[in-house]
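# Summary of structural features
Here is what each chain is made of, one letter per residue.
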Amino acid sequence: MVDIHTRLADPFFNDVVATVTDGVVLLDSDGTIVFANPHVTELLGYESEALLEQPIATLFPNRGSAPLETIRKQAASSTDQRPRGVECSLVHESGEKIPVALTAAEVDDERNQYLAVTFQVTGNRTTGDRTPQQTDSRTATKIEIDGRPSVFEIAHDDFEQEVYEAQLEALSDASRKLYTASTKTAVAQISVELVQTILGRSYAAVWLCERDEEVLEPAAASSPVVSSATDDSAVTAIAPIRSGTIEMEIFRDGDEQLIDGYHEIDRPAHPEIGLEKRLVVPLGEYGLLTVGSTGDDTIDDSLRNLVDTLASTILAAFDRLAAEAAIRHRSAAMESSMDGIGISDDRGVFRYVNRALADLHGYDDPAELVGTSWQVLFPDGEVERLEREVMPVVLEEGSWRGEALGERADGSQFHQEHSLTLLEDGIVCVTRDVTERKSWEQQLEGLNEIARELMSGETRDEIGQIGVEAVENVLDFEIACVRLFDRDANRLRCVALTEGGQTLLETRAAYDLEGTLAGRAFRNDETLVNVIPETDLSEPASVFENSSLHVPIGSYGVLSVLVRDDEAFDGSDVHLTEMLAMAIGAALARADRTRLLRTQERELRQQHDQLETLNRINAVNNEISTGLIAATTREELDRTICEHLVESDFYRSAWIGRIEGSGDRIGMAIGVGIEDSYLDAVTKTPLSRIAGGTVERAIETAEMQVVRQYHVTDINGTGESDEDVEAIAAIPLMYGERTVGVLVVNSVRDDVFCEDAIAGFESLGKIVGFAKNAIKSRELLLSDSIVELEFILSDPSVFYVQVSAELDCRCEFQRAVPIENGRIITYDVISGAEPADVLEVAEDTPNIERARVVSKQDGRFVLQTVTSRSMVRFGLEMGTTVRSAVAENGEGTVIVEAPQTADVREIVTAFQREFDSLELVAKRDREHPVTTADTFRESVANRLTEKQRAALESAYFAGYYDWPRKITAEELADSLGVSSSTLHQHLRRGNWCLLSTFFEDSA
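Residues numbered from 1 in each chain as written. Predicted model: local features only at pLDDT ≥ 70, side-chain atom pairs only at ≥ 80, totals over all residues. Heavy atoms only, no water.

## Overview of the pattern of salt bridges
Stated formally: Within this document, salt bridges are pairs made up of a side-chain nitrogen of Lys or Arg and a carboxyl oxygen of Asp or Glu, the two lying within 4 Å of each other. Comment: elements are numbered from the N terminus, with helices defined as DSSP H or I runs of at least four residues and strands as E runs of at least two. Summary of the burial criterion: residues with accessible area below 20% of their type's maximum are buried, those above 50% are exposed, and those between are partly exposed, where the area comes from a 1.4 Å probe applied to protein chains only.
Under the criterion given, the structure shown has 27 salt bridges. The residue Arg408 makes a salt bridge to Asp433 at a minimum N-O spacing of 3.8 Å. Placement of Arg408 in the loop between β17 (399-407) and β18 (413-422) and of Asp433 in strand β19 (residues 426-433) is noted, with a sequence separation of 25 residues between them. Residue class for Asp433 comes out buried when judged on its relative accessible area of 14%. Two residues, Glu449 and Arg452, come together in a salt bridge whose shortest N-O distance is 2.3 Å. With a gap of three residues between them, Glu449 and Arg452 both fall in helix α14 (residues 435-456), about one helical turn apart. Judged by its relative accessible area of 44%, Glu449 is partly exposed. Judged by its relative accessible area of 30%, Arg452 is partly exposed. Within this structure, Glu788, Glu790, Arg883, Glu897, Arg924 and Arg926 form a network of salt bridges that share partners.

Okay, here's the thing in structure tokens:
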């Protein structure tokens, strides 16, 4: 048997005892301390060596009270039954008295007998003695000495733990106030209130570093702090924390510090408050949180943990406010930014390029672009287009936004959205790569395929596996997990993992509904994105510190996606994941229904039919997507849709009618499974009388309408009856907010227009509306020849007819530019009237949102207007283009171009319904004028001098226009035998000839 001294020298023994959170001392038979664990020295302030060989009475405030006898009695009582702790007080080295619960046990070795004494703090430190009392709530820690277990009784206060957890939870709940606070002062005031109400500390304040880094101003303070520091009740009357104080040093060091004996230290910031202790917690670069003690209360580890938690929340709130402030103070270029940003001077040379723009165009460093022309970011043809069409608009209007074709450093090209804003000395360009749209469409197509595959899954595990594979293969994230709710265990059970998530997630197969992000997402039925748990929580809410996304799958469970350190989520990722979760939920719902309907034959048939219906609608959607490219006419598109519906056997007939203008008739109808005579009758019947008014309601409400008719027949007079049903659905075909047609479907089954089917049909209506308008536009764009329609109108609601009538002037249409939200910017030349008079008329015209004069010359001026209703806008919706329009003396002449395939009568009728007093006066067939490349080259050559052409050809073939340039201007000038200034003059004039020829020919 090893004696006790050998055991005390054993490192393993010391490591074990060091883990005990309560004080442990070992006494010999005379009551002399032969061992004390680290917690004793921390609790009482002694050095560990100073306690050895000291009598146990040294630790008690009244050394004549014979504490050794009490310890021996306590040890003797512990041999037969579970000991009960004796409450008493120990004395700190500073003289402060500490209430503890004391237990003891006898420990023997082969030669001597020892007493093992343990004690735990039971309350706040005081200056008076405590009367020994019995206390409960003890747990035992066993340590083997010489192979024999010895028991150290350690007191644990469950109530304190409950209070701590309650305070922590209260802080977590209250932190939402901090996240929503709108100012730093509000954050500070809420924080001080939380310290008082939740942590129970009266002396608290928040100090902020605003403008002067040498001073921390008081932002909020509790009433005791204010009243102790100043006679004024205002927080601002408190003296700030200045340079040279210990608080300022803590702020600069960035490390939390508890200052003992605050009133006795050198350089305190606020000695007048009379604090015993002051906990100073830096809040990053923003300031400090201070919590003080006057001696009536203590600042222990649990309080410091709670204050640290609060400080982390305050810092997060300040970071959020700082980020919002940074956004508000960005420049105008940053405000309009979609992605990459560049600023060029008045010569078109970049003087600033951000990282996003450099990355977008494939450059390693933005510095590579600084000092170069903006033209290096575009192919030559696009540069010409931008200079011809866009730059004049920027110079005249101050801004432009549209699409352009960009070029990367490696020569590859990509489509981009481009925004230009004119500055006093240059231009701000903002660029966004729209190739993501194609990626988005591919992902949508992939999800559509996954949706069909999910619908084929029969078990929950199979559906879950399809879902996580879709995350990996379609959404391109490696770590994903599907957890489904186990009602019996009240837990979320992992049913499917990606390969990348096997090693990370399989150990957490069951997830508590309260303690994890996935559980919270499921319980609250809301998506949780990138929520990182507090680092000081005893049980973290998430297994990982990486960004994560948790999307509820209805009432079935949660789809979780985690990213690597170098990945992040964006809005499209969240949206696509939510769509996948919806598809998984729909598949799980279908699987549940299928299992249920196996026992109910009739219900099985109905559900199966609904599923087939939805699949057919999805197939129609796919046909429309393909038809948008393949269909050459609207009639072909309409017939394809109707045929596909009727072939499903769920629908008896289907027809599509066009809606043109604001009339009460169908313009044209195409159908399948229905007589031509009925379709003819439809075009002549008021909308209110078609299908019992269903079509009219669908057009008016822009929502799908369903009506059912039941025919009941008595069988053989027995009272039993059979029901036949006829269901008619009218689906509006929408292009934006405009109804361009209506799809009417007829069925003799009651289950084909269920809730899910209605949602699919409404989506179909939007797709068809978009496709019909796209075909209209494409017909006009791709036509080799056109139909030119000339109208005369005197409709006073048309602004330019009204202006010419009231002001006796001439208005001539020049150009129209479609902008967002269905509006049009129009440019017209007005002569014979004063600009102020025209602007006054425009201001009183309801359809004109804005009007301004952009240029004046020779008694006429160019008027720019923004309107949401105009003949130009209506023409675009009809698939036509207004080529010219002139108004004089209250009468306008308008020339409209339409494709050869267009129904001219339909177009004319639609225009006449939309505009009063409009008359078609001429219809002409005209070919599109074509300028060949040879003709253009000849025109340019005729305008260039020999020297200009020689300079341009040499520069082009020598690589002067390449990027990077293969020859410098000086080298090129030497090769031609001219000076650099002469070379630049030839190039400048040659480029002007080239561009002017191009622009003038286009005009």
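Additional details are given in the paragraphs that follow.
## Looking at empty space enclosed by the protein
Here is the rule we go by: In this analysis, the protein atoms alone were mapped onto a 1 Å grid. Cavities are point sets where a 1.4 Å probe fits without being able to get out; pockets are open sets with protein on both sides within 12 Å along at least five of seven lines; lining residues have an atom within 4 Å of a point. Grid points are joined across faces, edges and corners, and a volume is the space filled by probe spheres set on the points. Classification used: nonpolar for Ala, Val, Leu, Ile, Met, Phe, Trp, Tyr, Cys and Pro, charged for Asp, Glu, Lys and Arg, polar for all others including Gly.
This structure, assessed with the given rule, holds four cavities of 30 Å³ or more. Roughly 350 Å³ of internal volume is contained in the largest cavity. The greatest single-element share of the lining of the largest cavity, amounting to four residues, is contributed by strand β36 (residues 881-888). Class assignment of the residues belonging to the lining of the largest cavity gives a composition of 16 nonpolar, eight polar and three charged.

## Side note on the sheet that holds strand β35 (residues 860-867)
Which entries qualify depends on this criterion: Between any two strands, at least two bridges found by DSSP are needed for them to pair. Here an angle of 0 to 180 degrees is reported between the N-to-C directions of two axes, which are lines fitted to C-alpha atoms, with helices fitted over the stretch in contact.
What the eight strands build is an open sheet, ordered β34-β35-β33-β32-β36-β37-β31-β38; its pairing is antiparallel. A single partner strand is all that each edge strand has here, and the edge strands are β34 (848-857) and β38 (918-927). Within the sheet, the average angular offset between the axes of one strand and its neighbour, ignoring direction, is 20 degrees. Bridge count for strand β31 (residues 785-793) against strand β37 (residues 891-899) is eight bridges, and the pairing is antiparallel. Within the sheet, the bridge partner assigned to Glu788 lies in β37 and is Glu897.

## Brief notes about the sheet that holds β18
The strands making up a sheet associate through backbone hydrogen bonding, with each pair oriented either parallel or antiparallel. Going by this rule: In what follows, residue pairs with any heavy atoms lying within 4.5 Å of each other are defined as contacts.
The sheet built from five strands is open, its strands ordered β16-β15-β19-β18-β17 with antiparallel pairing. Edge strands, defined here as strands with exactly one partner in the open sheet, are β16 (350-353) and β17. When the angles between neighbouring strand axes are averaged without regard to direction, this sheet yields 25 degrees. In the packing of helix α13 (residues 380-397) onto the sheet, the strands contacted are β17, β18 and β19, and the crossing angle to β17 comes to about 165 degrees.

## With respect to the side chain of Arg388
Basically, it comes down to this: Pairing of N or O atoms within 3.5 Å defines a polar contact, subject to two protein rules: one partner must be a possible hydrogen donor and the other a possible acceptor, and residues neighboring in sequence count only if both atoms are side-chain atoms.
Relative to the helices and strands, Arg388 is located in helix α13. Side-chain polar atoms of Arg388 contact the side chain of Glu389, separated by 2.7 Å.

## Quick notes on helix α30 (residues 969-976)
Just so we agree on the cut-off: Working definition: the arc comes from the directions between the helix axis and the C-beta atoms, pointing outward to the latter.
Residues of α30 that are buried include every one of Ala969, Leu972 and Ala973, and no others. For α30, the arc enclosing every buried residue in end-on projection is 100 degrees, short of the 170-degree limit, so these residues lie on one face. More than 90 degrees from the buried face of α30, the exposed residues found are Asp974 and Ser975.

## Some words on the packing of aromatic side chains
Stated precisely, the cut-off is as follows: Aromatic pairing here means that ring centres of Phe, Tyr or Trp (its six-membered ring) are within 6.5 Å. Orientation follows from the plane angle: under 30 degrees is stacked, over 60 is edge-to-face, and everything else is tilted. Here, over-ring charges are defined by two tests on the NZ atom of lysine or the CZ atom of arginine: distance to the ring centre within 6 Å, and angle to the ring normal within 35 degrees.
This structure, assessed with the given rule, holds 13 aromatic pairs. A centroid spacing of 6.0 Å and a plane angle of 55 degrees characterise the contact between Phe753 and Phe761, whose relative ring orientation is tilted. A relative accessible area of 3% places Phe753 in the buried class. A centroid spacing of 5.5 Å and a plane angle of 25 degrees characterise the contact between Phe791 and Phe911, whose relative ring orientation is stacked. With Phe791 in strand β31 and Phe911 in helix α27 (residues 904-914), this pair connects stretches of sequence that are 120 residues apart. When sorted by exposure, Phe791 lands in the same class as Phe911, which is buried. Lying over the aromatic face of Tyr960, Arg965 brings its terminal NZ or CZ to 4.1 Å of the ring centre.

## Looking at a nonpolar patch on the surface
Note the cut-off: Each patch is built from residues that are more than 30% exposed by relative accessible area and take part in no salt bridge. Like charges join if they lie within 9 Å; nonpolar side chains (Val, Leu, Ile, Met, Phe, Trp, Tyr) join within 5 Å. Each accessible area is a Shrake-Rupley estimate made with a 1.4 Å probe; only the visible protein chains count as cover when residues are assessed.
The grouping of Tyr956, Phe957 and Tyr961 at the surface amounts to a nonpolar patch, some 400 Å² of accessible area in total. Looking at where Tyr956 falls in the secondary structure, it is placed in helix α29 (residues 946-957). Under the relative-accessibility criterion, Tyr956 is labelled exposed at 52%.

## A few points about the packing of helix α15 (residues 460-473) against helix α18 (residues 571-597)
Put simply, the test is: Orientation categories follow fixed angle ranges, with anything under 35 degrees roughly parallel, anything over 145 roughly antiparallel, 65 to 115 roughly perpendicular, and all other angles oblique. Two helices that cross are described as forming a left-handed crossing if the nearer one is turned anticlockwise from the farther one by less than a right angle, and a right-handed crossing if clockwise.
Between α15 and α18, the shortest axis-to-axis distance is 10 Å and the interhelical angle comes to 165 degrees. When the axis of α15 is compared with that of α18, the two are roughly antiparallel. The hand of the α15/α18 crossing is right-handed. Packed against α15, whose contacting residues are Arg460, Ile463, Gly467, Ala470 and Val471, the element α18 presents Leu580, Ile584, Ala587, Leu588, Ala591, Asp592 and Arg595 at the interface.

## Observations regarding the pairing of strand β9 (residues 203-208)
Counted residue by residue, β9 has six buried out of six residues, so it is predominantly covered. In β9, alternate side chains face the same way, and those of Tyr203, Ala205 and Trp207 on one face and Ala204, Val206 and Leu208 on the other are all buried. Bridging between β9 and strand β14 (residues 287-293) involves six bridges; their strand directions are antiparallel. Looking at the pairing, Val206 lines up with Leu289 of β14. Alignment of β9 against strand β10 (residues 215-221), held across four bridges, turns out to be antiparallel. Within β10, the residue paired with Val206 across the bridge is Ala220.

## Focus on the packing of helix α24 (residues 799-807) against helix α25 (residues 835-843)
Geometry of a packed helix pair, given as the angle between the helix axes and the separation of the axes. At a minimum axis distance of 10 Å, the contact between α24 and α25 shows a crossing angle of 130 degrees. The orientation of α24 with respect to α25, classified from their angle, is oblique. Remark: the crossing between α24 and α25 carries right-handed chirality. Taken together, the residues of α25 that come into contact with α24 (itself represented by Phe799, Gln802, Val803, Glu806 and Leu807) are Asp837, Val838, Val841 and Ala842.

## Structural notes on the state of the cysteines
Heads up, the condition is: The disulfide criterion used throughout: a pair of cysteine sulfur atoms within 2.5 Å.
Tallying each qualifying case throughout the model produces zero disulfides. In this structure Cys494 is not part of a disulfide, and its nearest cysteine sulfur, from Cys481, lies 3.2 Å away.

## A closer look at the confidence of the model for the protein chain
Selection rule: Note: pLDDT gives the predictor's confidence per residue, expressed from 0 to 100.
Overall, the prediction assigns the protein chain a mean pLDDT of 79, with 80% of residues at 70 or greater. For the stretch residues 536-544, pLDDT sits under 50, and the model shows 17 contacts to residues farther than four places along the chain or on other chains. Counting interchain partners and residues more than four positions distant, the pLDDT-below-50 stretch residues 714-722 has 11 contacts.

## Topic: the environment of Leu645
Mapped onto the elements of the fold, Leu645 is located in helix α20 (residues 634-646). What makes Leu645 buried here is its relative accessible area of 0%. On a C-alpha basis, the gap between Leu645 and Val672 in space is 8.9 Å, while along the polypeptide they are 27 residues apart.

## Observations concerning a negative patch on the surface
Counted only if it meets this: Here the positive residues are Lys and Arg and the negative ones are Asp and Glu; neither His nor the chain ends is included. Charged side chains are reduced to one point each, which is NZ for Lys, CZ for Arg, CG for Asp and CD for Glu.
Residues Glu806, Glu834, Asp837, Glu840, Glu843 and Asp844 make up a contiguous surface patch of negative charge. It is α25 that contributes the most residues to the negative patch, three residues altogether. Position of Asp837 among the secondary structure elements: in helix α25. You can call Asp837 partly exposed: its relative accessible area is 34%.

## Describing unusual backbone geometry
Here the residue pair Trp963 and Pro964 is connected by a cis peptide bond, since its omega of -5 degrees sits within 30 degrees of zero. Even without being glycine, Asp476 reaches a positive phi, approximately 70 degrees. Along the chain, the position of Asp476 falls in the loop between α15 and β20 (479-486). Residue classification places Asp476 among the exposed positions, given a relative accessible area of 60%. Positioned with a positive phi, Asn889 is a non-glycine residue whose angle comes to about 55 degrees. Within the secondary structure, Asn889 sits in the loop between β36 and β37.

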